Amino acid sequence: MAGPAPGRRQRLRPRPLAALALLLALAPGLPAARAGQAPRPAERGPPVRLFTEEELARYGGEEEDQPIYMAVKGVVFDVTSGKEFYGRGAPYNALTGKDSTRGVAKMSLDPADLTHDTTGLTAEELKSLDDVFTTVYKAKYPIVGYTARRILNEDGSPNLDFKPEDQPHFDIKDEF
């Protein structure tokens, strides 16, 4: 095959394998495979799901072989790795098996505060809620789901007006 005619620019054709090799070599955070080894498959956690109040209550740390879940701001976290704090008889067990947003905001274990309702919280309590949500729960515990209350009406039908960005003190880009 003859080369390009004199005076004409040669059009470079993409080389998919070379481009992929370059991408893999330069991409930060991708696991490197050793020569002759297949890369390990990505580890997957449990699927993210929607929890009703009744379903979430099943994960309150009472059963030894069950995971321990709690919700803050409608996000359900698996706090099983903190069993010494959240397990049966532990200091923060009252927060588990429910959405304890108000209790987290107020730093309260009072049963009246163990609810999703943030009505009437002060600016300081709301800031505390956001800080603890980010620096404790999101930083330490995997997200396993969301409470149904975030996206469903009381009768269980979809809330067609739900917009995550309209929820108080909620920023969807920070959750994923």
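Preceding this section is the structure that the text describes.
Residues numbered from 1 in each chain as written. Predicted model: local features only at pLDDT ≥ 70, side-chain atom pairs only at ≥ 80, totals over all residues. Heavy atoms only, no water.

A.B. asks: Would you mind going over the overall build of the protein with me for this structure?
C.D. replies: Broken down by element type, the protein carries five helices and four strands. Written out in order from the N terminus, the α and β elements of the protein read α-β-α-β-β-α-α-α-β. For the protein, the proportion of its 176 residues judged to be buried stands at 30%. When contacts within the protein are restricted to residue pairs at least 6 apart in sequence, long-range pairs at least 24 apart make up 57% of them. As presented, the protein carries roughly 12700 Å² of accessible surface, and 56% of it is formed by carbon and sulfur atoms. (Helix = DSSP H or I, 4+ residues; strand = E, 2+ residues; numbered from the N terminus. Buried < 20%, exposed > 50% of the residue type's maximum accessible area, 1.4 Å probe, protein only. Contact = heavy atoms within 4.5 Å. Areas by Shrake-Rupley, 256 points an atom, 1.4 Å probe, with all protein chains shown as cover.)

A.B. asks: Teacher, can you tell me more about the pattern of salt bridges here?
C.D. replies: Here the idea is simple: oppositely charged side chains can pair when their charged atoms come close. Applying the stated criterion across every chain yields a total of seven salt bridges. Among the salt bridges present, the one from lysine 83 reaches glutamate 64, with a minimum N-O distance of 3.1 Å. Placement of the pair is lysine 83 in helix 3 (residues 83-86) and glutamate 64 in the loop between helix 2 (53-57) and strand 2 (69-72), with a sequence separation of 19 residues. In this structure, the salt-bridge partner of aspartate 113 is lysine 106, at a minimum N-O distance of 3.8 Å. With a relative accessible area of 10%, aspartate 113 lands in the buried category. Here the salt bridges share partners, and the residues they tie into one network are Glu64, Lys83 and Arg88. (Salt bridge = Lys/Arg side-chain N within 4 Å of Asp/Glu carboxyl O.)

A.B. asks: How should unusual backbone geometry be read in this particular structure?
C.D. replies: A negative phi angle is the norm for most residues apart from glycine, just as the trans form is the norm for most peptide bonds. If you check the backbone angles, lysine 73 has positive phi at about 55° while not being a glycine. Of note, lysine 73 is situated in the loop between strand 2 and strand 3 (75-78). Classification of lysine 73 by relative accessible area gives buried; the value is 16%. The phi dihedral of methionine 107 is positive, around 55°, even though this residue is not glycine. Within the fold, methionine 107 resides in the loop between helix 4 (101-106) and helix 5 (123-140).

A.B. asks: It is not clear to me how the pairing of strand 4 (residues 143-147) should be interpreted in this structure. Could you clarify?
C.D. replies: For strand 4, a buried count of four out of five residues is recorded, marking the element as mostly surrounded by other parts of the structure. In terms of strand pairing, strand 1 (residues 49-51) meets strand 4 through three bridges, oriented parallel. Directly across from arginine 49, in strand 4, lies its bridge partner glycine 145. Of the pairings in the sheet, the one linking strand 3 to strand 4 comprises three bridges and is antiparallel in character. Bridged to phenylalanine 77 within strand 4 is isoleucine 143. (Pairing = 2+ DSSP bridges.)

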